[in-house]
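Summary of the model geometry
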Amino acid sequence: MTTEREYDVVLFGATGFTGRLVAHYLAETSRKTPLRWALAGRSAQKLEGVQRELSSVLPDASHLPLIEASSDDPVSLARMARSARVVLTTVGPYALYGEPLVEACIREGADYVDLTGEPSFVNRLIERHHEDARKAGVRIVNCCGFDSIPHDLGALFTVQKLPKGEPITLEGFVRTIGSFSGGTWQSALNEMGGAGFAAGKARPWAKEPLPGGRVVEELRPRVRKEPELGGWACPMPSIDPQIVLRSARALDVYGPDFRYGHNLVFSSPLALAGITLGMGAVVGLSQIGPARKLLSKLRPSGEGPSEAKRARSWFQVTFRGQSSSRRVLTRVSGGDPGYGETSKMIAESALCLAFDRDRLPPHVGVVTPAAGMGDPLIERLQAAGIRFELLEG
C-alpha cells in the first residue's frame with residue numbers, strides 16, 4: 001500500500017515514442033490539476049530533450065524532475081519506485097524488460113501500470129508475483145492501453161446495464177483504423193516467437209473453481225456474417241478476452257454464469273481472408289529466428305505513425321449483451337487507438353490509482369483494469385473524451 005511519496009506519478013520510458021505522448025498528456029493535465037510527477041529513463045540527455053519538447057505545453061517544464069533508471073539496474077528501479085505513488089511504464093517488450101520493475105514496485109509499495117499486450121508476461125506476473133503484491137496491498141495493473149481498456153471497461157459498463165443475478169452472454173466487436181509503433185511491433189514479434197507464444201495461451205488464473213458454482217467461460221470462436229454490425233466477424237487473437245474473463249472471475253456483477261467472445265469486424269469476406277492470411281504468415285515467420293530478425297527491421301523501436309496519420313485513426317468496440325430477461329447494445333469509441341487514446345488511457349489509469357484510492361474496488365495484487373479501478377476509471381475516461389454509450393436496451 002502506497003504512503004506519502006515525493007511524486008504522484010513517475011513516467012518510466014518517457015523518451016520513447018509512446019512515452020513522449022504520455023508525457024505531453026501529463027503536462028497538459030498538470031496545467032489544470034495539481035500533479036507531482038517526474039520523467040524517468042536510461043539517458044539524462046534524452047530526458048532533457050523531452051523536457052524541452054514539453055516547454056511548449058508547460059512553461060516551467062525545465063523544472064520537471066528527471067530520474068535516471070534502467071531495467072537492468074535494480075538499485076535505480078528501487079529508488080524510482082520508492083519515490084512514486086504510481087509508476088507508469090512504457091518500456092517494452094515487457095516480457096524482456098518488465099519484471100524487475102514489477103518486483104521493485106511490490107517491494108517499495110508503489111502501484112504500477114503498463115501497456116503490455118503480451119499474455120505470456122501477464123501470466124508470468126500472476127504466477128510469480130500476485131500473492132506478494134496482494135500482501136503488500138499494491139495494484140499491479142497490466143494492459144492499460146488499447147489492450148485492454150476499451151474491452152475490459154466496456155464489458156464492465158455493459159454488464160452493469162443488465163439485471164443482477166442472471167446468466168450473461170456478452171460479445172465484443174472491434175472496428176479500428178490505426179497504425180502501430182516500432183515498440184509495439186517488437187513486442188508482438190517477441191510474443192509470437194519461440195516459447196512466448198505457447199506460454200501466452202496458458203491460463204494460470206483459471207485453475208481454481210469459482211465460489212458458489214459461478215461459471216466464467218470464453219465463447220467458442222466462429223467466423224460469421226453479422227448483419228446488425230454491417231460486416232463479417234472473426235475471433236480476435238489478442239489478450240483482451242483473457243482480461244475480460246479475469247475481471248469476470250473477480251467481480252460478481254458479471255453474474256452467476258458469464259460467457260464472453262471477442263471479435264474483429266471486417267467489411268467483406270475478402271478483407272477478412274486477407275488479414276487472416278497476413279497474420280498467419282507473420283506468426284509463422286516469427287517462429288524462425290532469422291526471419292524474426294528481418295521482420296524486426298521493418299519498424300525499429302522508437303518509430304511510430306505521424307501526427308497526421310494518428311489524426312485519421314479511430315476505434316469502435318460494440319458490445320452485445322444478453323441476460324435471461326434483457327438485451328443491450330453498447331459502444332466504447334474514440335480516436336487513434338494505438339497512441340493518442342492509448343496515452344490518454346494509461347495516463348488516466350495512473351492518475352486514477354494516485355488520486356481515487358478511496359473509491360477504488362478492494363482488489364489488489366496483479367489485477368485487471370476493471371478489477372483494480374472499475375467505475376472511477378470509466379468516469380475519468382469519459383471526462384477525457386472516450387465515449388461509453390448505451391445504444392439499445
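Figured I'd write up the structure that's included with this text. Quick caveat: nothing in here was measured; it's all calculated off a predicted structure.

For sheets, the rule is that strands pair by backbone hydrogen bonds, running either parallel or antiparallel. With respect to topology, seven strands assemble into an open sheet ordered β3-β2-β1-β4-β5-β6-β14, the strand pairing being parallel. The strands lining the two open edges of the sheet, one partner per strand, are β3 (66-68) and β14 (365-367). Along the sheet, successive strands turn relative to each other by an average axial angle of 20°, direction set aside. Two strands pair when backbone bridges link them, and strand β1 (residues 7-12) and strand β4 (residues 84-89) are joined in this way by five bridges, in the parallel orientation. Looking across to β4, one finds that F12 is bridged to T89. The sheet strands contacting helix α14 (residues 340-355) are β1, β4, β5 (111-114) and β6 (139-141), and the helix crosses β4 at an angle near 165°.

This next bit is on the nonpolar core. In this structure, W37, L39, M80, I140 and F258 are the most contacted members of the largest nonpolar core, which totals 104 residues. Of all the elements, α14 adds the most residues to this core, at eight residues. The contacts of F258, once residues within four sequence positions are left out, are V159, I168, L170, V215, V216, E217, V244, L245 and A248.

Turning next to the packing of helix α7 (residues 149-159) against helix α16 (residues 375-383). To characterise two packed helices, one gives the angle between the axes of the helices and the distance between these axes. Remark: α7 packs on α16, axes separated minimally by 10 Å, with the N-to-C direction vectors making an angle of 115°. Judged by the inter-axis angle, α7 sits roughly perpendicular to α16. α7 and α16 meet at a crossing whose hand is left-handed. On α16, the residues touching I149, L153, L156 and F157 of α7 are D375, L377, I378, L381 and Q382.

So, on to the pairing of strand β13 (residues 327-334). Every other side chain in a regular strand lies on the same face of the sheet, so the side chains alternate between the two faces. In terms of burial, β13 is largely enclosed, as six of its eight residues are buried. By the bridge criterion, eight bridges tie strand β12 (residues 314-322) to β13 in an arrangement that is antiparallel. Its bridge partner lying in β13, V317 is registered against V332. The turn joining β12 and β13, which pair antiparallel and follow one another in sequence, is formed by four residues.

What follows deals with the packing of helix α1 (residues 17-32) against α14. In the contact formed by α1 and α14, the axes pass within 9 Å of each other and the chain directions differ by 55°. Put simply, α1 runs oblique to α14. When you trace α1 past α14, the crossing you get is right-handed. Every residue of α14 that contacts α1 at L21, V22, Y25, L26 and T29 is listed here: S343, K344, I346, A347, E348 and L351.

Note on placement: L251 falls in the loop between α10 (240-250) and β11 (257-266). Classification of L251 by relative accessible area gives buried; the value is 14%. Residue contacts for L251: discarding those within four places in its chain leaves L156, R214, H363, A370 and A371.

Thresholds, definitions, all that
Residues numbered from 1 in each chain as written. Predicted model: local features only at pLDDT ≥ 70, side-chain atom pairs only at ≥ 80, totals over all residues. Heavy atoms only, no water. Pairing = 2+ DSSP bridges. Helix = DSSP H or I, 4+ residues; strand = E, 2+ residues; numbered from the N terminus. Axes fitted to C-alpha atoms, helices over the stretch in contact; angles between N-to-C directions. Contact = heavy atoms within 4.5 Å. Core = buried A, V, L, I, M, F, W, Y, C linked by side-chain atoms within 4.5 Å. Buried < 20%, exposed > 50% of the residue type's maximum accessible area, 1.4 Å probe, protein only. Parallel < 35°, antiparallel > 145°, perpendicular 65-115°, else oblique. Left-handed = near helix turned anticlockwise from the far one by under 90°.

Nothing here speaks to function; it is all geometry.
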